[in-house]
Amino acid sequence: MKRLLVGFLLLLALFPVIASGSQEGDGKTEIVMWTFLDPENPSNGRNVALKQMITEFEADNPGVDIIVEPKNYATMTAEFLTAHATGSAPDIIWCARDELSGVLDAGALEPLENLFLGEWSEEEIKDIDDAFFRFGERDGKHYTLCLNKNALVMYYRADLLEAAGCDVPETWDEILDAAIKMTKTENGITTYGLGQSFPSGYSDPQLLTNWLIDKQGALFDEDGRAMWANQVGVDGVNWITHCIDIGVTPEGCLNLGTEDIISEFSAGRYGMFIAGAVRIGSIKDTCSFDPKDVKVMSLPGGCVIDGWFAGIWSGSKNKEMAGRFLEKMYSPEADLLWVEVGAQAPVRASTLEHITITEDNDYLPVMLDAFANGFITPNDMAYAGWKINLNEAVQRVVGNGMDPLEALQQTADEFNRANGR
Amino acid sequence: MGKKKINLSILYTVPASLLLIMFLIIPLIFALYCSFYQYKYMMQGSFVGLANYIECFVTPRISQSFLITFIVTFASTAISIFLGLVLALWIDRRSGLFAYFIEMIGLIPWVISMVVAGLLWRWMFNAELGLFNVIIRAMGFAGVDVIQNKTAAQVALIFVLSWRTIGYAMVMILAGLKGIDDTLIEASHIDGANSLQTLFLIKLPMIKSSVLLSTIVLTVSNFTNNTVPKVLTGGGPVNATNVVTLEQYNLSFVYYEFGKSSALSVLIMICTVIIIACYIKVAKYKI
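Below or above, wherever it landed, is the structure these notes cover. (Residues numbered from 1 in each chain as written. Chains lettered and ligands numbered in written order. Predicted model: local features only at pLDDT ≥ 70, side-chain atom pairs only at ≥ 80, totals over all residues.)

1. Some points on the overall build of chain B
- Counting its regular elements, chain B contains 14 helices and two strands.
- Burial statistics for chain B: of 287 residues in total, 37% are counted as buried.
- For chain B, long-range pairs separated by at least 24 residues make up 70% of all intrachain contacts whose partners lie at least 6 apart in sequence. (Helix = DSSP H or I, 4+ residues; strand = E, 2+ residues; numbered from the N terminus. Buried ≥ 20, exposed ≤ 12 C-beta atoms within 10 Å, placed from the backbone. Contact = placed C-beta atoms within 7 Å.)

2. Observations concerning the pairing of strand β9 (residues 270–276) of chain A
All names here are of chain A.
- The element β9 is extensively covered by neighbouring structure, given that seven of its seven residues are classed as buried.
- As defined by bridge partners, strand β6 (residues 145–157) adjoins β9 across five bridges and the pair is classed as antiparallel. Bridge pairing in β9 places Met 154 opposite Ile 274.
- Judged from the three bridges that link them, strand β8 (residues 189–195) and β9 form a sheet pairing that is parallel. Its bridge partner lying in β9, Gly 195 is registered against Phe 273. (Pairing = 2+ DSSP bridges.)

3. Some remarks on helix α9 (residues 182–190) of chain B
- By the criterion of burial, α9 of chain B is predominantly exposed, with just zero of the nine residues buried.
- After α9 of chain B finishes, the residue Gly 192 of chain B shows a positive phi value of roughly 95°.

4. Section: the environment of Met 33 of chain A
- By secondary structure assignment, the location of Met 33 of chain A is in strand β1 (residues 29–35).
- In contact with Met 33 of chain A, not counting residues within four places along its chain, are Ile 66, Val 68, Pro 90, Asp 91 and Ile 92 of chain A.

5. Some points on the interface of chain B and chain A
- Every contact between the two is made by 31 residues of chain B and, on the other side, 33 residues of chain A.
- The biggest single contributor to the side of chain B that touches chain A is helix α2 (residues 14–34) of chain B, with three residues.
- The residue makeup of the side of chain B that touches chain A, split by class, is 18 nonpolar, eight polar and five charged. (Nonpolar A, V, L, I, M, F, W, Y, C, P; charged D, E, K, R; others polar.)

6. Concerning the environment of Phe 116 of chain A
Residues and elements named next belong to chain A.
- Here Phe 116 is to be found in the loop between α5 (97–105) and α6 (122–128).
- Taking the C-beta count within 10 Å as the criterion, Phe 116 has 15 such neighbours and is therefore assigned partly exposed.
- Distance in space between the C-alpha atoms of Phe 116 and Asn 150 is 25 Å, their sequence separation being 34 residues.
- Those residues in contact with Phe 116, other than ones at most four positions away along the chain, are Gly 323, Arg 324 and Glu 327.

7. So, helix α12 (residues 258–266) of chain A
All names here are of chain A.
- Listed in full, the buried residues belonging to α12 are Asp 260, Ile 261, Ile 262, Glu 264 and Phe 265.
- Residues of α12 that are buried in the fold lie against β6, β8, β9 and α13 (280–286).
- At the C-terminal side of α12, Gly 268 shows a positive phi close to 95°.

Here you go:
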């Protein structure tokens, strides 16, 4: 009896070890992918497109299961780095742009030339060779492919802009003028001309970024140090505080996040605001007004471009198969699917030949212009936290009444210190 | 010669001990180890000794976040324990379905997801469309942009943390009250004690353990709560609600400074241990 009891206890103690899964159980190969998309949730076009690709790939490769583990986009890369350090990372990972440098430094990704890129023809490479493709390059090898090109554009309501008697604004003065004319209060509810958000947490780059790029061409110097504690930065902060002072931007913008501002725009609270162009599908789906009035435009000096970069974990036991699925997600057919079903921008130049610009996808020319002329942080070193640092400069000026130059200097120092400059 | 007795009691603890070692002790030791190294992007760098700890102490926004955390933690815990005690004493005098119903209602905030609770209150406090401001305006007052005002945001955070934990305090204290022998209460009445005397001389000393345990649990829960501040206020506006766990989150997931965030984690753990030790000392609780 005692032996039985001891045996049972040992079995119980070993249960976690026995129960842990194998990646190749039942003769099947499981390719695990971490992404912020959820193919089981059909409410988003990108999810639907991914689901279709998985179904097709599994049908073409019997015995292979693609397991998608949806993750929070804000912490996914950190989780991947931790998993890489402990040898338990997924086969395929989607990395955020700002974090890619650190991921490459950690040696967490496999060069794609070792898997499939080495077999591609020059013509095929030319089809994808742009700033996003080159962003995943280090020492002559490519480690990622951009699967989700994005540009931080200005959304606007065409109906409100027309009612205000304004053309699509192109300069800072025209943006301010349009914002003033679109601001109105009816039945106690105010529609603000220009929605902005400056939270301390995750945020898309705001107008101060565009101001700096427009006026001085860059955010960082050659050594990667912050380059905003200067007169250009002060003028930018003053432009923003002026918007708040005259009431075209609500004072509450200091603590609004990207999701808040998207929700409020959809509810009809703003005439214009900045967000990722890839959100246009979901914004049109949820807005309380005619979705045809949701338009996007470029910003003075060009837009910040962004994206998600997919790569293969260097420690994966199924690199080849994982690489084949990544190649599938980047194929000409998949690219068209991402565009037509997922409302994304094409990653291949050849895909453009199949697309006709209509009222439904008139955001594409703005995105393509942004990809050609937009701003992207280099991948030679880490640029962590700069969006929060710029937001906090505005917070300190508006919320604490700090001198703009002092606030910009403080946050520049914080950025430089945090990034080891 | 009798058979040698095998002490099986140690074996009984093996499963739980293994789990504790795997999920508590090893990560704790690893965090302590990381805190002495440069750990950028999860890559082990050079040994830096106490430099990560010193940086935590000399960084103004970290020391400021500790101050905010202490204020928010003690205010919300004090409110929860006080109101939980009042509610427990009130319900203790009642019985049947009504008492059961109140206990269930009180526990709902504790059992629902913190993300859901944070989002719920964030929308309730919305400046123009939130229920809170609709009511305030209906009463003839000017609306308040709660989440965007520094003081109001701090009060809102304390309020939501208290709202979440009052039910837990109430049930724990009520369990203590139910455990008091009725004969003691009857004896006090026979001796001529009034309700207040019974409360302060009989009931409160008898429920000291449950009040102390609730206080410890809620203090630690509020001190280390990351979810509610992150969802409700995000640490803003202008860092007014930037509690230390948000600072730790940013160090880990924004700046990827795992060495520094490990040092901060160790400091947070030391703070909670000190707080618990102080409670036990003050309450003269015997472990």
